[in-house]
Amino acid sequence: MKPGIKLLMSLFLSLPFGVYAQNMGADERKSMEKANYAGLKNPGNGVSAAGLNLPPEKMQWWEDQKFGMFIHWGLYAIPATGEWTMFNQKIPADEYAKLADQFKPKNFDANVWAKVAKDAGMKYMVMVSRHHDGFAMWNSAASYRHFDSWETAAHRDFVKEYTNACRKAGLKAGIYYSPLDWRFPGYFDPKGLPENAALMKKQTYGQVEELMKNYGKIDILWYDGGWLAHKGSDADAAWFWEPLKLNAMVRKYQPDIVINPRSGMVGDFETNEGGAAVKGPIIPIPWEKCLNLNGSSWGYNTTQNLMSLKDIITMLVNTVDRGGNMLLNIGPDPDGVIPPAHVARLKEVGTWLKKYGESIYATRPGPFQPVDGFYGATQKGNKVYIHIVKMPDGSSEINLPQIGKTVTSGKVLGGMPIKILHDQSGTRLVLTTDQLDPLCTTLELNVK
């Protein structure tokens, strides 16, 4: 762990999760809270071994992406009450499995998903291949009791269709996989039911191998649910999952894949989950913010709590200005269709990025530290970009501190020049009121 990171992380502020948090079950809430700021406050949590993490130069492409699409889709789309439906509603595994007889998504088209992502300005995708309910979205010979989309009513390999669509669209392909499976009593008591727990672990190793071996180059492996019995942390369960062994196998098939930290092994990046505001200083490690476009749940939900365009842009620039990527989740309906209102909102984001994406993609945070609720900065070459999320009432000026570089000129990105004044304290940027954008005023500065 780098010196001072814990101090920096402690400045992050956690806000309420909103509607979804009020409706989620106690264990689901613990899952969200466990992943909220734990990784950023304690980076490097987990077991490690030489050669299992990527060197910084192999992380550059991932840090350049900035914006991706998360996709939660499975049997839980049918009841439309979220991906934790089986557990929260205490549905017996045999009863829940009957949903597979109904899961025949006639309108699923992974190429449409990829187009929606591209139109939104996203650069990568991460699809849930299997959530905690145990239903695998591919042709999985390792699936316990053949509980997968190939051997049930759908008779389709959705992971194959999805990865092919990503590559065709020029998007990086990520796969989400949950080791835990609620169908196994041994998950909740691995020491008391070791034989049953061993069956679950065998399934995990077999399925991860299938995903890494059978679908070409996979760019991101996004684990979730490494903890045991919904208790403790993912790292606490490393004794059971043996993530060093698991991820050594992953590296055998996918040597350059970027791995998140939720298998119990130290990840190539850290994660920050949920709709809490991003605040505080620049985070000096690779990290990712993941959250829902529909705040009601990750999986499809008839209850809609759609993020506004302003909220999405604010979250994106606040994340990027602090060095992170943002993974925004959508939940397609039972037929595989992304709700039209979600598509429309994502297109609005894409329109904004077409104009201002230069200040987002392939940038790095700084050189100015963010000021919460006011502005943040990114940089690339001799350009510095300022994102003003909200100008203080009655003000049209920003006072930038000295950074050892001189701001030689500046303008609204894609627009008119701004007035720049220098004094002993730093640089003052003076804007006119008609240069302020209610979504996010984006400035381009030339520095030397």
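Everything here concerns the structure above.
Residues numbered from 1 in each chain as written. Predicted model: local features only at pLDDT ≥ 70, side-chain atom pairs only at ≥ 80, totals over all residues. Heavy atoms only, no water.

## Some thoughts on the nonpolar core
What counts here: Put simply, buried Ala, Val, Leu, Ile, Met, Phe, Trp, Tyr and Cys residues joined by side-chain atoms within 4.5 Å make one nonpolar core. Relative accessibility thresholds used throughout: buried, under 20% of the residue-type maximum; exposed, over 50%; partly exposed, between the two (1.4 Å probe, protein chains only). Contact definition: two residues touch when any of their heavy atoms are within 4.5 Å.
With 92 residues, the main nonpolar core has M69, I71, W73, M125, W222, L328 and L346 as its most contacted residues. Leaving out residues up to four positions away in the same chain, L346 has contacts with M69, V116, D119, A120, M122, L293, L328 and I330. Counting 19 residues, the second largest nonpolar core, distinct from the first, contains V384, M391, I398 and L443.

## Some remarks on helix α16 (residues 340–356)
Note the following rule: The helix count covers DSSP runs of H or I at least four residues long, the strand count covers runs of E at least two residues long, and both are numbered beginning at the N terminus. Multiplying 1.5 Å by the residue count of a helix minus one yields the expected span of that helix.
Look at α16: 24 Å from first C-alpha to last across 17 residues, which is about the 24 Å you get at 1.5 Å a residue. Considered for burial, the residues of α16 that qualify are H342, V343, R345, L346, V349, G350, W352, L353 and Y356.

## A closer look at the pattern of salt bridges
Selection criterion: Salt bridge, as used here: a side-chain nitrogen of Lys or Arg that lies within 4 Å of a carboxyl oxygen of Asp or Glu.
Taken as a whole and assessed by the stated rule, the structure comprises 18 salt bridges. Residue D335 pairs with K106 through a salt bridge whose shortest N-O separation is 3.0 Å. With D335 in the loop between β8 (324–330) and α16 and K106 in the loop between α8 (99–102) and α9 (110–119), this residue pair connects regions lying 229 residues apart in the sequence. Under the relative-accessibility criterion, D335 is labelled partly exposed at 22%. Between E273 and R262 there is a salt bridge, and its shortest N-O distance comes to 2.9 Å. Remark: R262 occurs in the loop between β5 (258–259) and β6 (270–273) and E273 occurs in strand β6; sequence separation between them is 11 residues. Relative accessible area serves as the criterion here: at 4%, R262 is assigned to the buried category. A single salt-bridge network, built from bridges that share partners, covers R130, D181 and R183.

## Notes on helix α10 (residues 158–169)
Threshold: In this description, the arc belongs to the directions extending from the helix axis to the C-beta atoms. Polar contacts, as used here, are pairs of N or O atoms within 3.5 Å; protein pairs need one atom able to donate a hydrogen and one able to accept it. Residues neighboring in sequence count only if both atoms are side-chain atoms.
With 12 residues, α10 should cover 16 Å at 1.5 Å per step; its first-to-last C-alpha distance of 16 Å lies within 8% of that length. Regarding α10, the residues found buried are F158, V159, Y162, T163, A165, C166 and A169. Each buried residue of α10 sits inside an arc of 160 degrees when the element is viewed along its axis, so together they form one side. Close packing links the buried residues of α10 with β1 (67–71), α9, β2 (124–130), β3 (172–177) and α12 (194–213). You can read the cap of α10 off the contacts: a side-chain oxygen lies 3.3 Å from the backbone nitrogen of V159, and it is on D157. One or two residues past the end of α10 sits G170, with phi positive at roughly 75 degrees.

## Thoughts on the sheet that holds strand β14 (residues 419–423)
Two orientations exist for strands paired in a sheet by backbone hydrogen bonds: parallel and antiparallel. What counts here: Should DSSP find at least two bridges between two strands, the strands are regarded as paired. Orientation is described by axes fitted as lines to C-alpha atoms, over the contacting stretch for helices, and by angles from 0 to 180 degrees between their N-to-C directions.
With antiparallel pairing, three strands are arranged side by side in an open sheet as β12-β15-β14. Both outer strands of the open sheet, β12 (397–401) and β14, are each paired with one neighbouring strand and no more. Neighbour-to-neighbour, the strand axes of the sheet open up by a mean angle of 20 degrees, direction not taken into account. Examined bridge by bridge, β12 and strand β15 (residues 426–430) share five bridges and lie antiparallel to one another. Bridge assignment links P401 to a residue of β15, and that residue is G426.

## Describing the pairing of β1
Across the five residues of β1, five count as buried, placing the element largely inside the fold. Neither face of β1 is open: one carries F67, M69 and I71, the other G68 and F70, and all of them are buried. Relative to β8, β1 runs parallel, the two being bridged by five bridges. Among the inter-strand pairings, I71 is bridged to a residue of β8, identified as I330. Sheet topology note: the β1/β2 ladder contains four bridges and is parallel. Within β2, the residue paired with M69 across the bridge is M125.

## Examining the packing of aromatic side chains
Applicable threshold: Two rings from Phe, Tyr or Trp (for Trp, the six-membered ring) form a pair when their centres are within 6.5 Å of each other. A pair whose planes differ by under 30 degrees is stacked, one over 60 is edge-to-face, and the rest are tilted.
Evaluated as defined, the whole model comprises 25 aromatic pairs. Considering the side-chain rings of F135 and F147, the 5.0 Å spacing of their centres and the 70 degrees angle between planes classify their relative orientation as edge-to-face. Here F135, found in the loop between β2 and α10, pairs with F147, found in the loop between β2 and α10; they are 12 residues apart in sequence, far enough to count as distant. Exposure remark for F135: the relative accessible area of 2% places this residue in the buried category. Here Y176 and W222 contribute two aromatic rings whose centre-to-centre distance is 6.0 Å and whose plane-to-plane angle is 15 degrees, an arrangement assigned as stacked. One end of the pair, Y176, is in strand β3; the other, W222, is in strand β4 (residues 220–223), and 46 residues separate them in sequence.

## A word on the state of the cysteines
Keep this limit in mind: In this description, a disulfide is simply a cysteine sulfur pair whose atoms lie within 2.5 Å.
Summed over the entire model, instances satisfying the criterion amount to zero disulfides. You can see C290 has no disulfide; the closest cysteine sulfur is in C166, sitting 17 Å from it. Here C290 falls in the buried class, since its relative accessible area comes to 0%.

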